[in-house]
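Chain by chain, the residues run as shown.
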Amino acid sequence: MNNAEKLNGLFGSLTICRKAGQLAMGFDPMKEALDAGKAHAVIIASDISPKTEKEVRFFSEKRGIPVRKTEMTLEGISRALGKKAGILTVCGEGFAEKILSLCGDEN
């Protein structure tokens, strides 16, 4: 599977995840999902600020939740999901497994 196919698969999985109500979008919703124990994975856009990325990794890794930085940009996420967000928290375990497999190795 090439990068374009992986990215399309990732966008498709995230869209289904959102429609199922299993996707929290943004920093504060990420923290709420982590605090509630609902988060299974955190996906970050390629163009979020280094400060935000550091904070996301701190809160997620403190709770043992994997974080993946993808090739998706804020604009791409906005177009695909209808909301501007650089932090996507996957709350469904099955969705998290699929999305993490599409993101590849930890980065």
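Up top is the structure these notes are about.
Fair warning: this is a prediction, and the values are worked out from it, not measured in the lab.

Calculation rules
- Residues numbered from 1 in each chain as written.
- Predicted model: local features only at pLDDT ≥ 70, side-chain atom pairs only at ≥ 80, totals over all residues.
- Heavy atoms only, no water.
- Buried < 20%, exposed > 50% of the residue type's maximum accessible area, 1.4 Å probe, protein only.
- Helix = DSSP H or I, 4+ residues; strand = E, 2+ residues; numbered from the N terminus.
- Arc of directions from axis to C-beta.
- Contact = heavy atoms within 4.5 Å.
- Phe/Tyr/Trp six-rings, centres within 6.5 Å; stacked < 30°, edge-to-face > 60°.

Student: Summarise helix 5 (residues 93-103); cite the residues concerned and give the values.
Tutor: Looking at helix 5, one finds that the buried residues are Ala-96, Ile-99, Leu-100, Leu-102 and Cys-103. The buried residues of helix 5 occupy an angular sector of 160° when projected down its axis, which confines them to one face. In helix 5, the exposed positions that point more than 90 degrees away from the buried face belong to Gly-94, Glu-97 and Ser-101. Residues of helix 5 that are buried sit in contact with helix 1 (3-19), strand 2 (41-44), strand 3 (67-69) and strand 4 (87-90).

Student: How would you explain the packing of aromatic side chains if you had to name every residue and give the values?
Tutor: Per the stated rule, a full pass over the model turns up two aromatic pairs. Considering the side-chain rings of Phe-27 and Phe-59, the 6.0 Å spacing of their centres and the 70° angle between planes classify their relative orientation as edge-to-face. Remark: Phe-59 occurs in helix 3 (residues 50-62) and Phe-27 occurs in helix 2 (residues 27-36); sequence separation between them is 32 residues. Since its relative accessible area comes to 22%, Phe-27 is described here as partly exposed. Pairing Phe-58 with Phe-59 gives two aromatic rings, centres 5.3 Å apart and planes at 75°, and the pair type is edge-to-face. Three or more aromatic residues joined by ring pairs make a cluster, and in this case those are Phe-27, Phe-58 and Phe-59.

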